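What the coordinates show
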Amino acid sequence: MKVSVVKETAPGERRVALVPETVGKLRAAGVDVLVESGAGDGAWHTDDSYAVAGASIVSRPEALAADVVLMVGKPDEATTARLRAGQVVIGLLAPLADPGLVRALAAAGVTALSLDMIPRTLPRAQPMDALSSQANIAGYKAALIGAAEFGRFFPMLITAAGTARPAKVLVLGTGVAGLQAIGTARRLGALVSAYDVRPETRTEAESVGATFIELTSVGPASGDGGYARALTDDERMAQQLELTGHIARHDVVITTAQVPGRRPPLLITDDAVKEMTAGSVIVDMGASALGGNVAGSVPGQTIVTENGISVIGASGLPSTMPAAASAMYARNISALLLYLVKDGELTLDDSDELQAGVIVTRDGAIVHPSLAPPEPKTSLEPEEGAAGVPDAAR
Ligand code: NAD
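Computed from a prediction, not measured in an experiment: that's the story for all the values here. (Residues numbered from 1 in each chain as written. Predicted model: local features only at pLDDT ≥ 70, side-chain atom pairs only at ≥ 80, totals over all residues. Heavy atoms only, no water.)

A few points about the site of the ligand
- Around the ligand, 24 residues are found, and the nearest of them are Arg120, Gln126, Val176, Asp196 and Arg198.
- In this structure, Asp196 approaches the ligand through a side-chain N or O atom, which is 2.6 Å from an oxygen atom.
- Here an oxygen atom of the ligand sits 2.7 Å away from a polar atom, N or O, in the side chain of Arg198.
- If the ligand stood free it would expose 840 Å²; the protein chains cover 84% of that surface. (Near = heavy atom within 4 Å. Polar contact = N/O pair within 3.5 Å; in protein donor to acceptor, adjacent residues only side chain to side chain. Areas by Shrake-Rupley, 256 points an atom, 1.4 Å probe, with all protein chains shown as cover.)

The following block contains the structure:
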């Protein structure tokens, strides 16, 4: 069986799906590894380093003809058009956000496996949890970006030229990325506070050094599968209003809030930004074309407001640390492949909960329960939940 790695095509994407270290493990499992020439350049892995590890360096058409094609993101239109029936594609395909891609892959007869759909709470899925590995990197980098943009120190410094007080950092959303942002800001010496709508995150946030903020106006909003549920309009407005006072008391605010299958919730309004002190910094990890956690943030840009607040649209952070992100991603995708390969061949079994979670299209059909057309409902069946995304997809 031939497994290939293609060069990523998304603008600014520097990660690669396999690093040389993981090539040997796949070869030991009886798999031939093909690497598109230049695929590792962005992460400083040369063609030679892959060849030394046992991979064959090939052209893009040869890589796209392999039995299994590995990638970090999703295939662009030109790539999808070259795929053929019976091939397998594995990547972070974001199928919930791109139903057109899913339809195209199904129509082409391509079997698509999406790492971001892995059932993360299954213990055996943890080595394959690319959302967590990449969120860890993003949280770390967000704290560094906040520190670099801030015009003062993070730690308390006592010098002959005076004493610098430590920066006050607030992290909103304490999932995987938020916890890593807290730990990193703490290691830099900042005083860190944190808030999340899921009260059970308090102990985790405290264990990495944050003081947890509880809002009195919004109750717990834990949803299914360890995620947050979307807030109602009333809850959202109460939350924004109460957060405004806390935000104004901090120098650097890092936002990481997400709700599965939804656009990121708005946590920092224009009014909240206006209340902040000149020189303060906001790092919006939720920044996207649809809007982020912060009013007015633009992905990939730093906007300085009239009152002197830097609002950083910090999307795509894992790609800014391509060596670390690729190494972790390569271990995640290799763990999935090794789980699926028996006697050198890929065998799929959708009665296995883990596999059913990641298989999006198969044999010309969209098979994932959160994407396949719903069975017709009888009048006795309840309506679907608010987010409409089953646990396995979160
Ligand atoms: P995420 O990226 O979906 O969301 C980030 C955080 O934003 C979450 O903590 C969420 O509660 C918070 N949030 C959402 N709306 C908010 C709002 N309006 N205000 C404030 N905060 C808001 O989350 P994630 O980092 O991918 O993971 C979330 C959960 O999944 C965590 O409990 C994590 O421990 C769990 N998880 C479990 C496993 C496992 O069991 N192996 C693996 C990975 C993650």
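Some details on empty space enclosed by the protein
- Scanning the entire structure with this criterion turns up one cavity of 30 Å³ or more.
- Looking at the largest cavity, its volume works out to about 40 Å³.
- Lining the largest cavity are Val6, Lys7, Glu8, Thr9, Arg60, Met71, Lys74, Pro75 and Thr79.
- The class makeup of the residues in the lining of the largest cavity is three nonpolar, two polar and four charged. (1 Å grid on protein atoms, 1.4 Å probe; cavity = no way out; pocket = protein on both sides within 12 Å on 5 of 7 lines; lining within 4 Å. Points joined across faces, edges and corners; volume = space filled by probe spheres on them. Nonpolar A, V, L, I, M, F, W, Y, C, P; charged D, E, K, R; others polar.)

Here we look at the packing of helix H6 (residues 130-149) against helix H11 (residues 322-340)
- Running from N to C, H6 and H11 point in directions that differ by 165°, and their axes come no closer than 9 Å. One finds that H6 runs roughly antiparallel with respect to H11. Between H6 and H11 the crossing geometry is right-handed. Taken together, the residues of H11 that come into contact with H6 (itself represented by Ala130, Ser133, Gln134 and Ile137) are Ala324, Ala325, Met328, Tyr329 and Asn332.
- Split by residue class, the contact of H6 with H11 holds six nonpolar, three polar and no charged. (Axes fitted to C-alpha atoms, helices over the stretch in contact; angles between N-to-C directions. Helix = DSSP H or I, 4+ residues; strand = E, 2+ residues; numbered from the N terminus. Parallel < 35°, antiparallel > 145°, perpendicular 65-115°, else oblique. Left-handed = near helix turned anticlockwise from the far one by under 90°. Contact = heavy atoms within 4.5 Å.)

Some points on the pattern of salt bridges
- Across all of its chains, the model carries 16 salt bridges by this definition.
- A salt bridge links Asp129 to Arg120, with the shortest nitrogen-to-oxygen separation between them at 3.2 Å.
- Judged by its relative accessible area of 8%, Asp129 is buried.
- Salt-bridge contacts for Arg362 lead to Asp350; the nearest nitrogen and oxygen are separated by 3.6 Å. Here Asp350 lies in the loop between strand E17 (345-346) and helix H12 (353-358) and Arg362 lies in strand E18 (residues 359-362), a separation of twelve residues in the sequence.
- Here the salt bridges share partners, and the residues they tie into one network are Glu21, Lys25 and Arg331. (Salt bridge = Lys/Arg side-chain N within 4 Å of Asp/Glu carboxyl O. Buried < 20%, exposed > 50% of the residue type's maximum accessible area, 1.4 Å probe, protein only.)

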